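Understanding the architecture of this molecule
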Amino acid sequence: AQSVTQPDIHITVSEGASLELRCNYSYGATPYLFWYVQSPGQGLQLLLKYFSGDTLVQGIKGFEAEFKRSQSSFNLRKPSVHWSDAAEYFCAVGEPGGGADGLTFGKGTHLIIQP
Amino acid sequence: NAGVTQTPKFRILKIGQSMTLQCTQDMNHNYMYWYRQDPGMGLKLIYYSVGAGITDKGEVPNGYNVSRSTTEDFPLRLELAAPSQTSVYFCASSYKGAQETQYFGPGTRLLVL
């Protein structure tokens, strides 16, 4: 069964500093990879996704992520965080071949922004 | 476009009661999903549907039922509510399967006492 690990439960970053959120997955083949963001009391919003091709993908709100096959990782980055980036971030994987049975999510990383 | 809407936003149930969580999408998506989110955990898939009349179990289906009579609606039924079903429930939809972006509703917070 596929699994997703987000090793950091909480991360605190100063406003204007750079950010990297880690995500590792376990799967036999390269799955579809996603990062979602959840603001307090809200549903999830897609930041970016990777299926194939260029391993550095750009997303919304200035986020990017890099797929590294050798490390089974898909880390999310942002060069300069804003207070509005404070939220819960989820890495998720989908079954290659376009399977319909939903996404497998990591437990999430709670991002705190210090002024 | 309203996207994915869920009702109610919040509900308190007594143990043994039943209720239906409503989910509607107006994007003409074929695929719909129900997830639950427990504190400190990611989302876990309860049920999903690939089209009207077709549903299938996800990772944690016990205690729940679904139906999909129309493309737009995908209600989740809780029979005999238990404290273990206290959670936040999210409905999502996508045009196709796992390679497509899933659009999430705002969630229903359920407390079973």
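Residues numbered from 1 in each chain as written. Chains lettered and ligands numbered in written order. Predicted model: local features only at pLDDT ≥ 70, side-chain atom pairs only at ≥ 80, totals over all residues. Heavy atoms only, no water.

1. Some thoughts on the interface of chain A and chain B
Taken together, the contacts link 23 residues of chain A with 21 residues of chain B. The contact between chain A and chain B buries some 1600 Å² in all, and 60% of this surface belongs to carbon and sulfur atoms. If you look at where chain A meets chain B, you find 4 residue pairs in polar contact (both at pLDDT 80 or more). Looking at which element gives the most residues to the side of chain A that touches chain B, the answer is strand S5 (residues 32-38) of chain A, with 4 residues. (Contact = heavy atoms within 4.5 Å. Buried area = accessible area lost by both parts, 1.4 Å probe. Polar contact = N/O pair within 3.5 Å; in protein donor to acceptor, adjacent residues only side chain to side chain. Helix = DSSP H or I, 4+ residues; strand = E, 2+ residues; numbered from the N terminus.)

2. Side note on unusual backbone geometry
Cis rather than trans, the peptide bond between Thr7 of chain B and Pro8 of chain B has omega equal to -5 degrees. With respect to the secondary-structure elements, Pro8 of chain B resides in the loop between strand S1 (4-7) and strand S2 (10-13). The backbone of Lys61 of chain A shows a phi angle near 60 degrees, a positive value even though the residue is not glycine. Structurally, Lys61 of chain A is set in the loop between strand S7 (56-58) and strand S8 (64-68). Classification of Lys61 of chain A by relative accessible area gives partly exposed; the value is 45%. Backbone geometry at Ser72 of chain A places phi at a positive 50 degrees, although glycine is not the residue there. (Buried < 20%, exposed > 50% of the residue type's maximum accessible area, 1.4 Å probe, protein only.)

3. Some words on the pairing of strand S6 (residues 44-50) of chain A
All names here are of chain A. Among the 7 residues of S6, 5 are classified as buried, and the element is accordingly described as predominantly covered. Here S5 runs beside S6; their pairing, made up of 6 bridges, is antiparallel. Paired with Gln38 across the bridge in S6 is Leu44. Counting the residues in the hairpin turn of S5 and S6 gives 5 residues, including Gly41, whose phi is positive at 70 degrees. (Pairing = 2+ DSSP bridges.)

4. Let's talk about the state of the cysteines
Following the criterion strictly, the structure yields 2 disulfides over all chains and no others. Paired through a disulfide, Cys23 of chain A and Cys91 of chain A show a sulfur-sulfur distance of 2.0 Å. Its S-S torsion of approximately -65 degrees makes the covalent link between Cys23 of chain A and Cys91 of chain A left-handed. Highlighted residues: Cys23 of chain A in the loop between strand S3 (19-21) and strand S4 (24-26) and Cys91 of chain A in strand S10 (residues 87-94), separated in sequence by 68 residues. Taking relative accessible area as the criterion, Cys91 of chain A reaches 0% and is therefore assigned buried. With a sulfur-sulfur separation of 1.8 Å, Cys23 of chain B is cross-linked through a disulfide to Cys91 of chain B. Measuring the twist about the S-S bond at about -70 degrees, one finds the Cys23 of chain B-Cys91 of chain B disulfide to be left-handed. In this pair, Cys23 of chain B sits in strand S3 (residues 19-25) while Cys91 of chain B sits in strand S9 (residues 87-94), placing the two residues 68 residues apart along the sequence. Judged on exposure class, the residue Cys23 of chain B and its partner Cys91 of chain B are both buried. (Disulfide = S-S within 2.5 Å.)

5. A word on the packing of aromatic side chains
Within this structure, the stated rule accounts for 16 aromatic pairs over all chains. Relative to Phe67 of chain A, the ring of Tyr25 of chain A lies with its centre 6.4 Å away and its plane at 25 degrees, an arrangement referred to as stacked. Of this pair, Tyr25 of chain A sits in strand S4 while Phe67 of chain A sits in strand S8, and the two are 42 residues apart along the sequence. Summarising the burial analysis for this pair, Tyr25 of chain A and Phe67 of chain A share the class buried. A centroid spacing of 4.7 Å and a plane angle of 75 degrees characterise the contact between Tyr32 of chain A and Phe51 of chain A, whose relative ring orientation is edge-to-face. Note that Tyr32 of chain A is positioned in strand S5 and Phe51 of chain A in the loop between S6 and S7, a separation of 19 residues in sequence. Relative accessible area serves as the criterion here: at 16%, Tyr32 of chain A is assigned to the buried category. Through successive ring pairs, a cluster of aromatic residues spans Tyr32, Phe34, Tyr36, Phe51, Phe90 and Phe105 of chain A together with Tyr33, Tyr35, Tyr48 and Phe104 of chain B. (Phe/Tyr/Trp six-rings, centres within 6.5 Å; stacked < 30°, edge-to-face > 60°.)

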